[in-house]
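Topology and contacts: notes
Here's the letter readout for the chains.
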Amino acid sequence: MDKKDKKIVIDAIENKSNVVLSIKDNGRGITESDLVRIFEKGFTGSDRTKAKSTGIGLYLAKKICSKLGLEIKVNSKYKEGTEVQLIYPKNNFNKID
């Protein structure tokens, strides 16, 4: 992929019960076999070329989201791109009448 074709799109959608923050790119994506393991501590992917990868980033992101009462989802197609969604639940504390 040519550098000028790289894109990151950030979007937010408000639903009845939550707000979904979406961050999407058109990068290399994640293989289906790796996608099921991305939140595992120490997992760096089967095709990683960076020797300094620790596999701690998405593991910690998932832990933090859990502590904050958020949900994190990742959808990806290899060689097409990845979308990360942070899902913020609505509740009575942030409701304005």
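My aim in this report is to walk through the structure given alongside it, one point at a time.

Reading the values: rules and limits
- Every chain is numbered independently, its residues counted from 1 as its sequence is written.
- Confidence filtering applies because this is a predicted model: local features only for residues at pLDDT of at least 70, side-chain atom pairs given and counted only at 80 or more, and all residues used for totals across whole chains, interfaces and linings.
- Hydrogens are left out, water is left out, and the side-chain values use all remaining heavy atoms of the structure.
- Under the DSSP-based scheme used, a helix requires at least four consecutive residues in state H or I and a strand at least two consecutive residues in state E, with every element numbered from the N terminus.
- Buried means the residue's accessible area, taken with a 1.4 Å probe over protein chains only, is under 20% of the maximum for its type, while exposed means over 50%, and partly exposed covers the values in between.
- Contacts between residues were defined by any pair of non-hydrogen atoms, one from each residue, lying within 4.5 Å.
- Reported accessibility uses the Shrake-Rupley method at a 1.4 Å probe radius. Residues are deemed covered only where the shown protein chains occlude them.
- Side-chain rings of Phe, Tyr and Trp (the six-membered ring for Trp) are treated as a pair once their centres are within 6.5 Å; stacked means planes under 30 degrees apart, edge-to-face means over 60, and tilted covers the remaining angles.
- A ring is considered to have a charge above it if a Lys NZ or an Arg CZ atom is located within 6 Å of its centre and within 35 degrees of its normal.
- Each helix should span, by expectation, one fewer than its residue count multiplied by 1.5 Å.
- Paired strands are those between which DSSP finds at least two bridges.

**Focus: the overall build of the protein chain**
When helices and strands are tallied, the protein chain shows two helices and four strands. Going from the N terminus to the C terminus, the protein chain shows its helices and strands as β-β-α-α-β-β. With 97 residues in all, the protein chain has 21% of them scored as buried. When contacts within the protein chain are restricted to residue pairs at least 6 apart in sequence, those whose partners lie at least 24 apart make up 46%. Accessible surface for the protein chain amounts to roughly 7800 Å². Of this, 54% is attributable to carbon and sulfur atoms.

**Some points on the packing of aromatic side chains**
Evaluation of the coordinates by the stated rule reveals zero aromatic pairs. Just above the ring of Phe39 sits the side chain of Lys62; from NZ or CZ to the centre is 4.9 Å.

**As for helix H2 (residues 57-68)**
Helix length check: H2, at 12 residues, gives a terminal C-alpha distance of 17 Å against a target of 16 Å (1.5 Å per residue), a fit within 8%. Remark: Gly69 follows H2 within two positions and exhibits a positive phi of approximately 80°.

**Re unusual backbone geometry**
Phi at Lys79 takes a positive value of approximately 70°, unusual for a residue other than glycine. Considering the arrangement of structural elements, one finds Lys79 in the loop between strand E3 (71-77) and strand E4 (81-89).

**Some points on the pairing of strand E1 (residues 8-14)**
Relative to strand E2 (residues 18-25), E1 runs antiparallel, the two sharing seven bridges. Its bridge partner lying in E2, Glu14 is registered against Val19. Adjacent in sequence and paired antiparallel, E1 and E2 are bridged by three residues.

Honestly, it's all geometry; don't read function into it.
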